[in-house]
Amino acid sequence: MAKILVVTSGKGGVGKTTTSAAIGTGLALRGHRTVIVDFDVGLRNLDLIMGCERRVVYDFVNVVNGEATLTQALIKDKRLENLYVLAASQTRDKDALTVEGVEKILMELKDTFEYVVCDSPAGIEKGAHLAMYFADEAIVVTNPEVSSVRDSDRMLGLLASKSRRAEKGEEPIKEHLLLTRYNPERVTKGEMLGVEDVEEILAIRLLGVIPESQAVLKASNQGIPVILDDQSDAGQAYSDAVDRLLGKEVAHRFIDIQKKSWFQRVFGGRE
């Protein structure tokens, strides 16, 4: 059965779009027909990270308004056969999306795809609400800092009370925690919250810990989802997260300080 998965957070700049691209790509890599939908009307970054910005002709709002069909607006990924992107509009405001319009498109996508990954805008306003309203599962992305965790806690409250599942009294949205930009050395210095601290505050299942890594910025600038860089720690951590999302038991990595080998100490190690 098709699933709608929202990638959300209360705070901006925590890595939601990077995560949406990585998770969507990871699902497609494992043979699941997947579409990633950009809900960030007015800003639009998903197409940049996916490397398809020059191929956007029609967007999400065009389809909602009946100016284009879903088939016209969907962009097929050049790397993976079963991966597609639905871009957001850069020229409209967030009021361009409606509950009825979003529902129609998401239900149509569920007929075609196994996973519909919704890349939510930051905050708790209309765009973020619409991104999570129809979700079956949610990945709550947070940085290991107090303000980010507090905002994520508020988002968990909204997922539990403002979704369609909550309104209809159905089984609640399945929630997953993804901790990004994690640096165990800074945790030991007291400059960041530790994994256990964040888990204790938010009390939801830990899907993955993504280490602070230059590979993320490099991949974004190249228009490549970082999960495709399987030599990087961030790429490996996202790959582990996708496996856990699909029900596999995978040990968490990159949580503890890694001891460097003699070679790494002398010549430096790749991030």
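In case you missed it, the structure is sitting above this.
Every chain begins its residue count from 1, and numbering advances along the sequence as written. Residue-level local features of this predicted model are given only where pLDDT is at least 70; pairs of side-chain atoms are given and counted only at 80 or more, and the full residue set underlies all totals for whole chains, interfaces and linings. With hydrogens and water set aside, each side-chain value is computed from the structure's full complement of heavy atoms.

### Notes on the pairing of strand 2 (residues 34–38)
- Counting buried residues in strand 2 gives five out of five residues, a clear majority hidden from the surface.
- The two faces of strand 2 match: Thr34, Ile36 and Asp38 on one face and Val35 and Val37 on the other face are all buried.
- Strands pair, by our definition, only if DSSP identifies at least two bridges between them. Strands here mean DSSP runs of E at least two residues long; helices mean DSSP runs of H or I at least four residues long; both are numbered from the N terminus. In the sheet, strand 2 pairs with strand 4 (residues 83–86) via four bridges, with the strands oriented parallel. The partner of isoleucine 36 across the bridge, within strand 4, is valine 85.
- In this sheet, strand 5 (residues 115–119) lies alongside strand 2 in parallel orientation, the contact comprising five bridges. Pairing of valine 37 across the sheet is with cysteine 118, part of strand 5. With a 1.4 Å probe rolled over the protein chains alone, any residue whose accessible area is under 20% of its type maximum counts as buried; one over 50% counts as exposed, and the rest are partly exposed.

### With respect to the packing of helix 1 (residues 16–29) against helix 12 (residues 233–245)
- Two elements in contact, helix 1 and helix 12, have axes separated by 9 Å at closest approach and are oriented at 60°. When you trace helix 1 past helix 12, the crossing you get is right-handed. Across the interface between the two elements, Thr18, Thr19, Ala22, Ile23, Gly26 and Leu27 from helix 1 touch Tyr238, Ala241, Val242 and Leu245 from helix 12.
- Residue polarity follows a fixed list, in which Ala, Val, Leu, Ile, Met, Phe, Trp, Tyr, Cys and Pro are nonpolar, Asp, Glu, Lys and Arg are charged, and the others, Gly among them, are polar. For the contact of helix 1 with helix 12, the per-class residue count stands at seven nonpolar, three polar and no charged. Fitted lines through C-alpha atoms give the axes, limited to the stretch in contact for helices. The angle between two N-to-C directions lies from 0 to 180 degrees. Handedness of a crossing is defined here by the sense of rotation of the near helix relative to the far one, left-handed for an anticlockwise turn of less than a right angle and right-handed for a clockwise turn. Only heavy atoms matter for contacts: two residues are in contact if any of them lie within 4.5 Å across the pair.

### A word on the pairing of strand 8 (residues 205–211)
- Summarising burial for strand 8: six of the seven residues are buried, a large majority.
- Relative to strand 8, strand 7 (residues 174–182) is paired through five bridges, and the arrangement is parallel. If you follow leucine 177 over to strand 8, its bridge partner there is leucine 206.

### Regarding the packing of aromatic side chains
- Pairs were defined over the aromatic rings of Phe, Tyr and Trp, the Trp ring being its six-membered one, requiring ring centres within 6.5 Å. Orientation was assigned from the angle between planes: stacked under 30 degrees, edge-to-face over 60, tilted for the rest. Overall, the coordinates contain three aromatic pairs when judged by the stated rule.
- Ring centres of tyrosine 84 and phenylalanine 113 lie 5.5 Å apart, and the angle between their planes is 70°; this geometry places the pair in the edge-to-face category. Taken together, the positions of tyrosine 84 in strand 4 and phenylalanine 113 in the loop between helix 5 (99–112) and strand 5 put the pair 29 residues apart, joining distant regions of the chain. One exposure class covers both tyrosine 84 and phenylalanine 113, and it is buried.
- Geometrically, the ring pair formed by tyrosine 133 and phenylalanine 134 is edge-to-face, given 4.8 Å between the ring centres and 90° between the ring planes.
- On the basis of relative accessibility, which here comes to 4%, the residue phenylalanine 134 falls in the buried class.
- Any Lys NZ or Arg CZ found within 6 Å of a ring centre and within 35 degrees of that ring's normal is scored as a charge over the ring. Above the plane of the ring of phenylalanine 113 lies arginine 33, whose end atom (NZ or CZ) is 4.7 Å from the centre.

### Let's talk about the nonpolar core
- Take the buried residues of types Ala, Val, Leu, Ile, Met, Phe, Trp, Tyr and Cys, join any two whose side-chain atoms come within 4.5 Å, and each joined set is a nonpolar core. Counting 47 residues, the largest nonpolar core has Phe39, Leu106, Leu109 and Leu159 as the members making the most contacts within it.
- At five residues, helix 7 (residues 146–161) tops the list of elements feeding residues into this core.
- Beyond its immediate chain neighbours, meaning those up to four positions away, leucine 109 contacts Val35, Val37, Leu70, Leu74 and Val116.
- Residues Ile49, Ala215, Ile227 and Ala241 belong to the second largest nonpolar core, which totals 38 residues.

### Focus: the side chain of aspartate 119
- Among the structural elements, aspartate 119 can be located in strand 5.
- In this tally, Asp and Glu contribute negative charge and Lys and Arg positive charge; neither His nor the terminal groups of the chain are included. For salt bridges, the criterion is a side-chain nitrogen of Lys or Arg within 4 Å of an Asp or Glu carboxyl oxygen. Although aspartate 119 lies buried, it forms no salt bridge, and the closest oppositely charged side chain, lysine 16, sits 6.5 Å away as judged by the N-O distance.
- Counted as a polar contact is a pair of N or O atoms within 3.5 Å, where, for protein atoms, one must be capable of donating a hydrogen and the other of accepting one, and residues adjacent in sequence contribute only when both atoms are in side chains. Looking at aspartate 119, its side chain comes within polar contact range of the side chain of serine 20, at 3.1 Å.

### Quick notes on helix 11 (residues 214–222)
- All buried positions along helix 11 are accounted for by Ala215, Val216 and Ala219. The arc enclosing the buried residues of helix 11, seen along the axis, measures out at 105°, which places them on a common side. Of the exposed residues in helix 11, the ones pointing more than 90 degrees away from its buried face are Gln214, Leu217 and Asn221.
- Where helix 11 begins, one side-chain oxygen reaches toward the backbone nitrogen of alanine 215, 3.1 Å away; that side chain belongs to serine 213.
- Looking one or two residues beyond helix 11, the residue adopting positive phi is glycine 223, at roughly 70°. In this description, one arc is meant: the one made by directions from the helix axis to the C-beta atoms.

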